[in-house]
Structures are given as structure tokens and as C-alpha cells.
Amino acid sequence: MSTVEQQLDDLQAEITSELPSDISVSSVKYEGPELVVYTHDPKKFAQQGDLVRKLASKLRKRITVRPDPSALSRPEEARKAVMDVIPEEAGVSDLDFHADTGEVVIEAEKPGMVIGRHGSTLRDITKNVGWTPEVVRTPPIESSTVSNVRNFLKQERDERRDILERVGRQIHREEMSDDEYVRITTLGCCREVGRAAFILSTPETRILIDCGDKPGAEGEVPYLHAPEALGAGPQNIDAVVLTHAHLDHSALIPLLFKYGYDGPIYCTEPTRDLMGLLTLDYLDVAAKEGRSPPYESGQVREAIKHCIPLEYGDVTDIAPDVKLTFHNAGHILGSAVSHFHIGDGLYNVCFSGDIHYKDTRLFNGAVNDFPRVETLVLESTYGGRNDYQTDQEDSEEKLKEVVRETYDRGGKVLIPAFAVGRSQEIMLVLEEAMRSGDIPSMPVHLDGMIWEATAIHTTYPEYLRDDLRDRIFHDDENPFLAEEFNHIDAGEEERQEVADGDSCIVLSTSGMVTGGPIMSWLGHVGPDPDSTLVFVGYQAQGTLGRRIQNGWDEIPTSEVGAINGDNGRGTLSLNMNVETVDGFSGHADRAGLENFVKTMNPRPEKVLCVHGDERSTQDLSSALYHEYNMRTFAPKNLETFRFL
Ligand SMILES: [Zn+2]
């Protein structure tokens, strides 16, 4: 008998002995990091409210209880009984019964009302029908990404369960090595921004953290073929952890599946969905630009199928000797500071991912409070000596002023913005300014992927800042549903109509004016001297956005595409005003990074400064060393650090 079988038998015996004698356990199984307990007596289990929590803390495992298939009532009967328990205001839109696992997936507009106080309504459901309820939110704004991911996972349910069982056995395998060490190998994003990738290894386990591309440098991928990574074959990696969905962290995750990787990806639920949206778009853009993409959409689906979503604060076994906990990073939706606890109290490493330390309108600031941390791997995007940003309040004032002046001239405000994060931040600023009368009320048109990204944000309000979350829970106060917002969904015709109309604001992708509908908007609005183009995000060297910022006002129409019947050989005169409002960054500035370390509890002994150009990483590394007397490093790619 294999050791995992033995372990499960022992667990079943232990659980049985902990339970009252009238509750039986028919089997126990691992599904990913969870221990699933099947019982003939799900109703009695649910009647003892505290039982699962007690078992979980006794066994130090995440526990799910499911009814043994023989104990299930028929779905037709159960449906009525479930609906009787849930208050009508919950707005249940779908009930999906899965007899193989005894789960009923309940989709509702107000999941909180299905869950009840401390889970009381959920327990009532099991008490009455025996099925195990699982709740998902109906997005307040319809999202094709969310519904595609949900439908896909439903369709792949059987295969997914096989994957989870296989991963579960891997996680709980017996440790083979008596040796003790912890190493970090840098595979990318050192003394550069982009292609984030690290290997965290112990004698027992190798974990890949992030796997991104380098924007503007196609082909410069992480050093995945290093012996520490895939060099020893795809099975060399036990698990992948994804800190957030930005492409410089996620773009090459699907590539792993092309190389034969078949293991889990740990990330938050919104990161999974956003990764799907952004990597599919990445393939789309590559195809449009005539590049052959490194993988296909089938591999994006594989990646989604292998995702194991974790919530902030869940301590999760991901290997025999590694526990992972995600914490809010304040950077984009679902972004996570990733804390690894290695061995039983042996060592702790924290990867910041990308962070924003202060609160923004969208997110609470990054968490920097941990039980223990010896080493921190810290992003340094704005780690340079002079990388201080304007306060967001001042930035908001300036943006409002630009909007007012443009409105008074009868012009339009055009804002190129990234779909995920900054767009929603700007939407919140504009919504509040209009509500309070700070700027006149006018239509705000959203073009490109912005609307879809916004819909994903409203699907996961738990990941947003407290007060914003509360407003989204009350539909009538959901700021993203404000009547001023309009989704441009009818293409060129609608753009022409807007361009011919009154004053308005347009938010459009791409954020650095390198393609997408913003090109068409430039064609429409660019020649108008009363209108204003406002940059709210970083414009990288070599992008059209940067050149316009630097004063370019005659743009070859080949750059903006053949617009207005032009054959692409003329020039577009940019007569509109050009303004830059910084301070809306999703990254901590130099002060934010220092404060993150300064107030970190406990303060780490060692810091690796990564994810920044040469100057930023070295500046930050030397400042942290001098100020806090800690050992700091600004590693190059392909360095390995040994701890312990
Ligand atoms: Zn990022």
C-alpha cells in the first residue's frame, strides 16, 4: 500500500474517532490541498455547526465535507428545498447539481445572503437536503470572461477532479530527503522590468513563481531551460505560483503546458480570470502584428484548468514541506504578496510581486504583516533615488481641472489607459467628481477591453477596498453602474457618432498608444484644438504615447492605421492639447517601497531587490542596507542564493 493510501486510512480512522458515533465517514480523499471527507450523514454533520472547524484545526488541514452519493436526495426534490431556505432577495439565478461529488453550485446576485451569518444559511441547506452548497456571484455587469471560464470548468469537471486528486497525492507524498536548505534562483526580471520568474527550491520541492514576458522585447523570455527550472524536464517543477495577471508576470504560463508541465497553478480567482483575458488578448495582438505566438489558445485553457484558486489569508499546503499564503498586494485585482513557510518552522520567504503600499480608490494598501519572514524578494520598479510620485489627491485635482477646461471649450477628453487597474481607478475619480458636482456630468465612453475588465472587478468585490466593496454590495450605489458610463460595443460607427457629438470623456486601450481603439480615437479627435489627450500612465521608451508626450504632432497615418479613408500614406495633424497627469500608478513609489520594508512585521534579515532597471534595484538595495542594516542584494538573472 502506498504511503498516501496509508495516510488517508489513518486520517479516516482519526476523523471517525473524533466524530459522534452516529456520524459515519465513508471515505476520505485529497483534492489538491483539500481533504475531502465523504459521509453518509451530511445532515447530522451540518447540525453540529463547529465540527468542520474543529477537525480542520485538529488535523491542520483544509477540510470539505461532502455527502456520500448514496445519501443524496434527488436533485428535483433538493432544488425546491434549497430555494425554500435561501431568502428571495439573494437573487438566485442558477442551481447546478453535481451528483458525482454531492455539490450544488448556487449562482446568486447576493452571495452573502446565500451564505448567511457565519455560514448559517449554507448549513441550513445541508441540514435540509444533504447536498454541499458552493456559492458564486452573478456578475452585476455581464462578463464574457467570467462566464466562459465558469462554463469551461463545468464542462471539464471530471478531468479537473482527476487533476486535483493527482495534485493532492503529490502534495501529501512522504518527504524523501533529510537534507535542509532553501534556495532562490532568478530566471528573469533582475536589473530589468519584465519576464518575472523565480525558482524557490528545497531538497524536496521546486516552485516556479511567475512566468512573464518582457514588454517591447518579444523573444526575451525567462531562463526557463536553466537546470533549476525546466532544464531537468517538465516534471522537475512541483507547482507554479502566480502573483498577479499582468503579462510581465503571466504571459508565458500557458507556454509551460506546451513544454509538458502538468501540475497546479496557485493564484487568486480574479487572477485566473484576468490571466485568461490578458493571455488570449496577447495571442490576438501577436497574430495581428504578424508574429507567431509562442503557444495557442488551447494552452491558455490548459492553464485555466490547472488553476487552484486560493483566497487571501488561506494557509495552504502546496508541497510536503511548503505552505503558501496569499495577502492583498494593492496593485491590481487579485494581486498577491506570496508568503512561503518552509519545513516545520525552518524558513520563511516572502515574494512581494508588484505592490502598492498606500490605499488607492480601488484597493487597500499591500499587507506587510506576517508570522515570520527571513527573506523578502521585493519589486523595485520605482526604487530609484528620485522615483517619487505626485500624491494621488493632487493628481486627481489636476485631472478634474483638465476635464473642466476642455468641457468649457466644448472639446472632448481622450485618455489612453490600461484595461486592468488604472481604468477603474480613473472611472472612480470621474464618477465621484460628477456626483459631487466637481466636474459637469457628461458621458464617459469606455472602449477596448476596459468594460470587460471592469465587469471582472465587479464580480469579485471581496478583493476591492472595504468601502468600495460595500458600495458594490448595494446595487444602487455601485459606482461602476453610474449612468454616465457607456460601453462602446458597436465599433467604428459608434465612435464616429460620439466624435460628432457633444463634450465627453473617452477611456480607451491601449495604454501606451501602441494599437487598439485609441488609434481610431486619435484619428477622430486628434485634429480638434478644443480637445485634450491626457496621459495617466507610464509611457515606455519607443511607444507612440511617449513620442506624443515629447511633442510629436505630425503622425504618419501608417502609425494610427488607415483612418478616415486615408490609405496610410498621409499624416495626421495632432492639434489637440496634450497633458500628463501622473500619480495614478499601481506601483509603490520609492517612499512606498521603503515604508513597506520599514513597517514590515517582522522585518526581514535579507532583501533581494528585483523587478526594476539596474539603477532602481541598486539604489533601493543600498538605501535599505544603510537605513535598516539588513543584508540586501540587487541580483542579476540566473543567480542562485542559498539560505540556511
Ligand atoms: Zn504588475
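Residues numbered from 1 in each chain as written. Predicted model: local features only at pLDDT ≥ 70, side-chain atom pairs only at ≥ 80, totals over all residues. Heavy atoms only, no water.

(A) Quick look at the overall build of the protein chain. Secondary structure summary: the protein chain contains 22 helices and 28 strands in total. The globule rule puts the C-alpha radius of gyration for 644 residues at 26 Å, and the 26 Å found for the protein chain is close to it. Projected onto the principal axes, the alpha-carbon positions of the protein chain cover approximately 80 × 60 × 45 Å. Residue burial in the protein chain is summarised as follows: out of 644 residues, 57% are buried. (Helix = DSSP H or I, 4+ residues; strand = E, 2+ residues; numbered from the N terminus. Rg over C-alpha atoms; globule rule 2.2 N^0.38 Å. Buried < 20%, exposed > 50% of the residue type's maximum accessible area, 1.4 Å probe, protein only.)

(B) Local environment of the coordination of the zinc ion. Distances from the zinc ion to its protein donors, His244 (NE2), His246 (ND1), His331 (NE2) and Asp354 (OD), fall at 2.2 to 2.3 Å. Considering all 4 donor atoms around the zinc ion, the spread of angles at the metal, 87 to 164 degrees, places the coordination shape in the irregular class. Between consecutive donors of the zinc ion, the numbers of intervening residues give the motif H-x1-H-x84-H-x22-D. Classification of His244 as buried rests on a relative accessible area of 0%. (Donors = N, O, S within 2.8 Å, 3.2 Å for Na, K, Ca; no water. Tetrahedral: all angles 85-135°; square planar, octahedral: opposite > 155°, others 65-115°.)

(C) Main features of the domain arrangement of the protein chain. Per the domain assignment, the segments of the protein chain are domain 1 (3-67), domain 2 (75-138), domain 3 (146-385 + 587-642) and domain 4 (392-580). Each of domain 1 and domain 3 has a C-alpha centre, and the two are 32 Å apart. Contact with domain 1, which involves 12 residues of that partner, is made by 19 residues of domain 3. Where domain 1 abuts domain 3, roughly 1300 Å² becomes buried across the two surfaces, and 51% of that area is made up of carbon and sulfur atoms. Inspection of the domain 1/domain 3 interface yields 2 salt bridges. Where domain 1 packs against domain 3, one counts 4 residue pairs in polar contact (both at pLDDT 80 or more). Looking at the side of domain 1 that touches domain 3, the elements with two or more residues in it are α1 (3-18) and β1 (25-31). (Domains from an automatic or database assignment. Contact = heavy atoms within 4.5 Å. Buried area = accessible area lost by both parts, 1.4 Å probe. Salt bridge = Lys/Arg side-chain N within 4 Å of Asp/Glu carboxyl O. Polar contact = N/O pair within 3.5 Å; in protein donor to acceptor, adjacent residues only side chain to side chain.)

(D) Representation of helix α21 (residues 590-598). Of all the residues in α21, the buried ones are Arg590, Gly592, Leu593, Glu594, Phe596 and Val597. On its buried side, α21 packs onto β17 (375-379) and α22 (614-628).

(E) Broad picture of the sheet that holds β17. Ordered by their spatial adjacency, 7 strands build an open sheet running β13-β14-β15-β16-β17-β26-β27, and the pairing between neighbours is mixed. Every interior strand has two partners, whereas the edge strands, β13 (316-319) and β27 (631-633), have only one. For this sheet, the mean angle separating the axes of adjacent strands, direction not counted, is 20 degrees. Its contacts with the sheet put α22 on β17, β26 (606-610) and β27, and the angle it makes with β26 is roughly 160 degrees. (Pairing = 2+ DSSP bridges. Axes fitted to C-alpha atoms, helices over the stretch in contact; angles between N-to-C directions.)

(F) Layout of empty space enclosed by the protein. One pass over the full model with this rule turns up 2 cavities of 30 Å³ or more. Quantified by volume, the largest cavity comes out at close to 90 Å³. Lining the largest cavity are 16 residues, with Phe198, Asp210, His249, Gly353 and Val610 positioned closest to its centre. When residues in the lining of the largest cavity are grouped by element, the largest group, 3 residues, is from β17. For the lining of the largest cavity, the per-class residue count stands at 8 nonpolar, 5 polar and 3 charged. Estimated volume of the second largest cavity: approximately 50 Å³. Around the second largest cavity, the lining residues are Val167, Gln170, Ile171, Arg173, Asp238, Ala239, Pro264, Tyr266, Ile318, Ala319 and Pro320. For the lining of the second largest cavity, the secondary structure elements donating two or more residues are α8 (157-171) and β13. Tallying contributions element by element places α8 first for the lining of the second largest cavity, with 3 residues. Among the residues forming the lining of the second largest cavity, the class breakdown is 8 nonpolar, 1 polar and 2 charged. (1 Å grid on protein atoms, 1.4 Å probe; cavity = no way out; pocket = protein on both sides within 12 Å on 5 of 7 lines; lining within 4 Å. Points joined across faces, edges and corners; volume = space filled by probe spheres on them. Nonpolar A, V, L, I, M, F, W, Y, C, P; charged D, E, K, R; others polar.)

(G) Just the pairing of strand β7 (residues 182-188), in detail. Taken across its 7 residues, β7 has 6 buried, putting it largely inside the fold. Summarising the sheet, β7 and strand β28 (residues 640-643) pair through 4 bridges and their orientation is antiparallel. Bridging across to β28, Arg183 finds its partner in Arg642. In this structure, β7 lies alongside strand β8 (residues 197-201), joined through 5 bridges in antiparallel fashion. Paired with Thr185 across the strands is Ile199, a residue of β8.

(H) Molecular detail of unusual backbone geometry. Of the consecutive residues Thr509 and Ser510, the connecting peptide bond is found in the cis state with omega at 5 degrees. Following the sequence through the fold, Ser510 ends up in the loop between β21 (505-508) and α18 (518-525). In this structure, Pro602 follows Asn601 across a cis peptide bond, with omega equal to -5 degrees. The residue Pro602 is located in the loop between α21 and β26 in this model.

(I) Examining the nonpolar core more closely. Among the nonpolar cores identified, the biggest contains 81 residues, and Leu208, Leu256, Leu399, Ile415, Leu430, Ile505 and Leu507 are the most heavily contacted of them. Top contributing element to this core by residue count: helix α14 (residues 422-435), with 7 residues. Two domains share this core, each providing at least three of its residues, namely domain 3 (146-385 + 587-642) and domain 4 (392-580). Discounting chain neighbours no more than four positions away, the residues touching Leu256 are Leu208, Cys211, Leu224, Leu230, Val240 and Tyr261. Of all hydrophobic cores here, the second largest spans 34 residues; its members include Ile184, Phe198, Ala336 and Val610. (Core = buried A, V, L, I, M, F, W, Y, C linked by side-chain atoms within 4.5 Å.)

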